[in-house]
Amino acid sequence: FFSNSFTGSGTEGEIVRELDASRYNTRFIDTSRTYQGKTYYTTVRAQCVGGTLVHAYVRARDVEDGAPSVHAKDTPLIPDLIETFQRDLVDQHIGAIKDIAVKIADAVGPGFFAHDLLIDQNDNVFVTETNTKIVDLDYLRRIRSIVDDLPSHHWMTTDEYPRRVAQAFAIEMDRLTD
């Protein structure tokens, strides 16, 4: 699926090749996690250059909203919630996230990617979609007012971000030429 939009476009996608029926999932994946007595649906976005992970971060949506689809705009501006889910979902699954990034890059080739991942109650990691983008402007705009209280995200709004992307690009070029 490809879109030229810098932000979520809502554009319909299309399947570009036949799916392996044994790997295609149509059942509900429960990504809910509880924070201070309130339950949230969650997703992880992995920003990658090819198979090299630049950063992965959590997004969340209150289950009371009635929809399990989670976007940047849904994420509550509660620093401790974001940091808690970051530790529980990203840090605890970083090996699987990196492995998925490499497998997708090997399948589709080089690019700047945003992989949306679901982590269920049994710690299984599922890929929901892959976008071609390296900066999630919607998310950065969303967390801007609290970024100083997010140790895992603070660097995303500094010149460290393009440095990490450039470093990932160099790593990926080495990976591709080996």
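Located above this text is the structure these notes cover.
First, a word on what this report is: a plain description of the structure on this page. (Residues numbered from 1 in each chain as written. Predicted model: local features only at pLDDT ≥ 70, side-chain atom pairs only at ≥ 80, totals over all residues. Heavy atoms only, no water.)

## Comments concerning the pairing of strand S3 (residues 52-62)
What counts, and what does not: Only protein chains enter the area calculation, which uses a 1.4 Å probe; residues under 20% of their type maximum are buried, those over 50% are exposed, and those in between are partly exposed. Secondary structure is summarised from DSSP: a helix means a run of H or I of at least four residues, a strand means a run of E of at least two, and numbering begins at the N terminus for each. Here, a strand pair is defined by DSSP locating no fewer than two bridges between the strands.
With 11 of its 11 residues buried, S3 lies for the most part within the structure. Note: strand S2 (residues 38-49) against S3, 10 bridges, orientation antiparallel. Bridge assignment links Ala46 to a residue of S3, and that residue is Ala56. Connecting the antiparallel pair S2 and S3 is a turn made up of 2 residues, with Gly50 showing a positive phi of about 55 degrees.

## Section: the nonpolar core
So the rule is basically this: As used in this record, nonpolar core signifies buried Ala, Val, Leu, Ile, Met, Phe, Trp, Tyr and Cys residues forming a set joined through side-chain atoms within 4.5 Å. Whether two residues are in contact is decided by their heavy atoms: any pair within 4.5 Å suffices.
In terms of nonpolar packing, the biggest core is built from 36 residues, with Val44, Phe85 and Ile97 touching the most fellow members. Top contributing element to this core by residue count: S3, with 6 residues. Apart from the residues within four sequence positions on either side, Ile97 is in contact with Val44, Ala46, Leu53, Ala56, Leu89, Val90 and Leu117.

## Looking at helix H2 (residues 94-108)
Short version of the rule: How far a helix is expected to stretch is found by multiplying one less than its residue total by 1.5 Å. Read the arc as the range of directions from the helix axis to the C-beta atoms.
In this model, H2 (15 residues) spans 21 Å end to end at C-alpha, consistent with the 21 Å of a helix rising 1.5 Å per residue. By the burial criterion, the buried members of H2 are Ile97, Ile100, Ala101, Ile104 and Ala105. Buried residues of H2, seen end-on, are gathered within an arc of 130 degrees and therefore sit on one face of the element. With respect to the buried face of H2, the exposed residues turned more than 90 degrees away are Gly95, Lys103, Asp106 and Ala107. Of the surrounding elements, those touching the buried residues of H2 are S2, S3, helix H1 (79-90), strand S4 (112-119), strand S5 (125-131) and helix H4 (160-177).

## A few points about the side chain of Ser152
With respect to the helices and strands, the residue Ser152 is situated in the loop between helix H3 (137-143) and H4. The class of Ser152 is buried, set by a relative accessible area of 17%.

## Some remarks on unusual backbone geometry
Residues other than glycine predominantly adopt negative phi, and peptide bonds predominantly adopt the trans conformation. Positive phi, normally seen in glycine, also occurs at Gln36, with a value near 50 degrees. Mapped onto the elements of the fold, Gln36 is located in the loop between strand S1 (33-35) and S2. On the basis of relative accessibility, which here comes to 70%, the residue Gln36 falls in the exposed class. Phi at Asp123 is positive, roughly 70 degrees, even though this residue is not glycine. Note on placement: Asp123 falls in the loop between S4 and S5.

## Focus on the pattern of salt bridges
Note the cut-off: Salt bridge, as used here: a side-chain nitrogen of Lys or Arg that lies within 4 Å of a carboxyl oxygen of Asp or Glu.
Within the structure shown, the criterion is met by 13 salt bridges. Between Lys38 and Asp62 there is a salt bridge, and its shortest N-O distance comes to 3.0 Å. One end of the pair, Lys38, is in strand S2; the other, Asp62, is in strand S3, with 24 residues separating them in the sequence. Residue class for Asp62 comes out buried when judged on its relative accessible area of 14%. Across the pair Arg163 and Glu160 runs a salt bridge whose closest N-O atoms are separated by 3.7 Å. Here Arg163 and its partner Glu160 are both found in helix H4, 3 residues apart, which amounts to about one turn of the helix. Judged by relative accessible area, which is 48%, Arg163 ranks as partly exposed. By relative accessible area, Glu160 is classed as partly exposed at 26%. One continuous salt-bridge network, built from bridges that share partners, spans Arg45, Arg59, Asp116 and Asp136.

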